[in-house]
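# Chains, contacts and geometry: an overview
Okay, here's what each chain looks like letter by letter:
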Amino acid sequence: MRPSIAIIGGGIAGLAFAIHYKKLGGRVDIYERSPLSGREGLGFIMLENGMRALSKLSLDQEASKIGYSLDACHIIDNTNNLLTDEPLQGSYGVTRKAFIDLLLAQIPADWLHFDHQFSHFEWSDNNSASYACFSNGNKVSADFFLGCDGGRSAVRNQIFPNAKRSEVRVKELVSIVESEALVNSLGRRFIKFKQLEGGLAVGMVPADDKRVIWFVQYDCQRFDIENLSFEGKKAFAEKLVNHWPAPISSLIENTNFDLSHIWQTCYLLPLEKFHKNNVVLLGDAAHALLPFTSQGVNSAIEDAIELCRVFDKAQEGYTAIGLEHYSAMRRSIVNQYLDQGIALQEEFLQAHHAEQKIPFAF
Ligand SMILES: Cc1cc2nc3c(=O)[nH]c(=O)nc-3n(C[C@H](O)[C@H](O)[C@H](O)COP(=O)(O)OP(=O)(O)OC[C@H]3O[C@@H](n4cnc5c(N)ncnc54)[C@H](O)[C@@H]3O)c2cc1C
């Protein structure tokens with residue numbers, strides 16, 4: 001008999017696990033704190049490794065239809081000189097809402113339990129979690145609990161209370177703008193304008209035929225936003241980058257800053273393991289990465305696929321060894337992304353030099 005599995009957090013990692021496990025013949029229950037599945041964040045870039053992982057869910061074709069294929073990354077300075085032009089293989093811009101909706105559509109409604117904010121575990125005598133308790137008063141038992149509750153994971157706090165996150169050095173004001181003309185003018189490119197002295201950049205990702213996700217990325221020791229109102233966010237963007245090359249001023253002009261948010265980017269210092277007894281971490285809960293890698297979403301899906309393999313074999317009694325393997329294998333990969341992200345953040349903060357890399361971890 002398969003073990004019972006409770007997933008805490010219905011974002012990318014949690015939903016991807018549920019879909020793949022369903023394909024393998026299993027079932028899960030998902031407990032998500034929001035009334036709808038996690039839509040924090042506006043969009044992202046699916047990279048080749050994430051699309052490969054999605055193909056295991058048979059969703060790569062669907063994802064390519066809701067996304068916008070990107071074939072190049074252009075880095076341009078803020079006086080409009082092209083610094084770098086590199087190809088992107090098999091990559092897509094996509095809105096988070098469309099992507100989450102695609103994942104949700106694969107999951108039976110009775111597996112989803114919204115308005116469930118995890119608060120703590122009750123433990124059995126052998127140090128395994130026996131119940132997950134939620135702030136609405138419900139508590140559920142399961143053989144295994146998967147912590148898929150993002151970068152500020154309450155599940156992680158329960159099993160690794162000493163885990164530490166880096167300081168926030170870079171923030172992003174992330175926005176979305178609707179303009180077919182703008183999408184057409186960008187072509188199939190991810191474009192990043194950067195200040196040559198470092199510490200400030202503007203990125204643009206076409207996310208479908210008429211929407212562009214764009215962001216102002218800034219060293220928050222040099223620049224910071226004080227007023228988080230609609231007007232405050234707009235004034236901040238105008239002050240920093242309105243005079244930069246087209247189409248930046250029109251992006252600012254056409255953005256509804258009520259929908260914009262500030263992403264306080266930071267990373268999680270590497271954990272020694274991604275599990276403790278019957279509690280397992282996936283996605284940002286296990287390894288929050290810096291934005292420069294574009295691996296947050298892609299690696300969350302990869303985690304889910306790898307962990308499904310363990311539970312698919314659980315019937316054969318391999319779970320403990322399998323979890324060690326999951327932990328070791330995924331740690332070695334995401335630790336490389338983490339190192340690349342830290343190096344890319346350093347490059348972002350410094351003045352530009354000719355060998356600078358494009359902002360992705362592969
Ligand atoms: C504000 C913000 C903006 C971002 N912007 C970008 C971006 O522009 N580009 C990019 O590539 N990446 C972005 N990211 C990172 C990206 O969203 C993550 O790397 C990716 O979603 C990881 O997937 P995940 O499943 O681990 O976490 P998530 O997709 O964040 O899912 C976590 C889920 O857990 C739920 N949850 C949290 N706490 C609890 C709890 N106590 N109980 C129950 N449920 C809980 C949340 O509501 C959410 O649905 C952003 C992240 C944040 C937080």
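For every chain, the first residue of the written sequence is number 1, and numbering continues from 1 onward in sequence order. Per-residue local features of the predicted model are confined to residues with pLDDT of at least 70, and side-chain atom pairs are confined, for both listing and counting, to 80 or more; whole-chain, interface and lining totals are unaffected and use all residues.

## Quick notes on the sheet that holds strand E8 (residues 129–134)
What counts, and what does not: Two strands pair if DSSP finds at least two bridges between them. Segments assigned H or I by DSSP are reported as helices when at least four residues long, segments assigned E as strands when at least two residues long, and all are numbered from the N terminus. Axis geometry follows a simple rule: fit a line to the C-alpha atoms, using only the stretch in contact for helices, then measure angles between N-to-C directions, giving values from 0 to 180 degrees.
Pairing in this open sheet of three strands is antiparallel, and the strands run E7-E8-E9 from one edge to the other. Edge positions in the sheet fall to strand E7 (118–123) and strand E9 (139–141), since each has one partner strand and no second. Going from strand to strand, the sheet's axes swing by 25 degrees on average, the running direction of each strand aside.

## A few points about the nonpolar core
For soluble globular proteins, nonpolar side chains are generally found buried alongside one another. To keep things clear, this is the line we draw: The term nonpolar core means buried Ala, Val, Leu, Ile, Met, Phe, Trp, Tyr and Cys residues held together as one set by C-beta atoms within 7 Å. Here a residue counts as buried when 20 or more other C-beta atoms sit within 10 Å of its C-beta, as exposed when there are 12 or fewer, and as partly exposed otherwise, the C-beta atoms being derived from the backbone. By convention here, the domain bounds are inherited from an automatic or database domain assignment. Whether two residues are in contact depends on their C-beta atoms, placed from the backbone: they are in contact if these lie within 7 Å.
The biggest cluster of nonpolar side chains holds 108 residues, and the ones touching the most others in it are Ile-7, Ile-8, Ala-16, Phe-17, Leu-146 and Leu-282. Each of two domains, domain 1 (5–68 + 99–166 + 267–349) and domain 2 (170–265), supplies a minimum of three residues to this core. Leaving out residues up to four positions away in the same chain, Ile-8 has contacts with Tyr-31, Phe-118, Ala-132, Phe-145, Leu-146, Gly-147, Cys-148, Asp-149 and Val-155.

## Focus on helix H10 (residues 296–312)
Using the following cut-off: Helix span, as expected, comes to 1.5 Å for every residue beyond the first.
Helix length check: H10 (17 residues) gives 25 Å between terminal C-alpha atoms against 24 Å at 1.5 Å per residue, within 8%. Counting buried residues along H10, 14 of its 17 residues qualify, which places the element largely inside the surrounding structure.

## Some thoughts on the domain arrangement of the protein
Cut-off, in case you're wondering: Any residue that is not Ala, Val, Leu, Ile, Met, Phe, Trp, Tyr, Cys, Pro, Asp, Glu, Lys or Arg is counted as polar, Gly included; the first ten are nonpolar and the last four charged.
Assigned domains within the protein: domain 1 (5–68 + 99–166 + 267–349) and domain 2 (170–265). With eleven residues of domain 1 at the contact, the number on the domain 2 side is 16 residues. Put simply, the parts of the chain that give the side of domain 1 that touches domain 2 at least two residues each are strand E3 (43–46) and helix H11 (319–349). Its residues assigned to classes, the side of domain 1 that touches domain 2 comprises eight nonpolar, three polar and no charged.

## Looking at helix H4 (residues 96–104)
Think of an α-helix as turning once every 3.6 residues; residues three or four places apart then point the same way. Rules: An arc is given here, and it is the one of the directions from the helix axis to the C-beta atoms.
All of the buried residues along H4 are Arg-96, Phe-99, Leu-102 and Leu-103. The buried residues of H4 occupy an angular sector of 130 degrees when projected down its axis, which confines them to one face. Elements that come into contact with the buried residues of H4 comprise helix H1 (12–23), E3, helix H3 (60–66) and strand E5 (82–95).

## Remarks on the sheet that holds E3
Spatially, the eight strands line up as an open sheet ordered E3-E5-E4-E12-E13-E14-E11-E15, and their pairing is mixed. Looking at which strands have only one partner, the edges of the open sheet turn out to be E3 and strand E15 (261–265). The sheet shows a mean angle of 30 degrees between the axes of neighbouring strands, direction not considered. Of the pairings in the sheet, the one linking strand E11 (residues 170–178) to E15 comprises five bridges and is antiparallel in character. Bridging from a neighbouring strand, Val-170 pairs with Thr-265 of E15. Each of E11, strand E13 (200–206) and strand E14 (211–219) touches helix H7 (residues 230–241); the most contacted strand, E14, lies at about 70 degrees to it.

## Thoughts on the packing of helix H2 (residues 48–56) against H10
Packed helix pairs are characterised by how far apart their axes lie and by the angle those axes make with each other. Note the threshold: Should the near helix be turned counterclockwise from the far one by less than a right angle, the crossing is left-handed, whereas a clockwise turn marks it as right-handed.
As a packed pair, H2 and H10 sit with axes 8 Å apart at the nearest point and diverge in direction by 35 degrees. Considering how the two elements wind past one another, H2 and H10 form a crossing that is left-handed. Across the interface between the two elements, Asn-49, Gly-50, Ala-53, Leu-54 and Lys-56 of H2 pack against Val-297, Asn-298, Ile-301, Glu-302 and Ile-305 of H10. Residue composition of the contact of H2 with H10, by class: five nonpolar, three polar and two charged.

## A short note on the pairing of E11
In terms of burial, E11 is largely enclosed, as eight of its nine residues are buried. Relative to E14, E11 runs antiparallel, the two being bridged by nine bridges. Within the sheet, the bridge partner assigned to Glu-172 lies in E14 and is Gln-217.

## Describing the packing of H1 against H10
What counts, and what does not: We call two directions roughly parallel when the angle between them is under 35 degrees, roughly antiparallel when it is over 145, roughly perpendicular when it lies between 65 and 115, and oblique otherwise.
Viewed as axis vectors pointing N to C, H1 and H10 meet at an angle of 40 degrees, and their least axial separation amounts to 8 Å. By the angle class used here, H1 and H10 are oblique. Of the two elements, H1 crosses H10, and the hand of that crossing is right-handed. Judged by residue contacts, Ile-12, Ala-13, Ala-16, Phe-17, His-20 and Tyr-21 of H1 engage Val-297, Ala-300, Ile-301, Asp-303, Ala-304, Ile-305, Leu-307, Cys-308 and Phe-311 from H10. Here the residues of the contact of H1 with H10 sort into 13 nonpolar, one polar and one charged.

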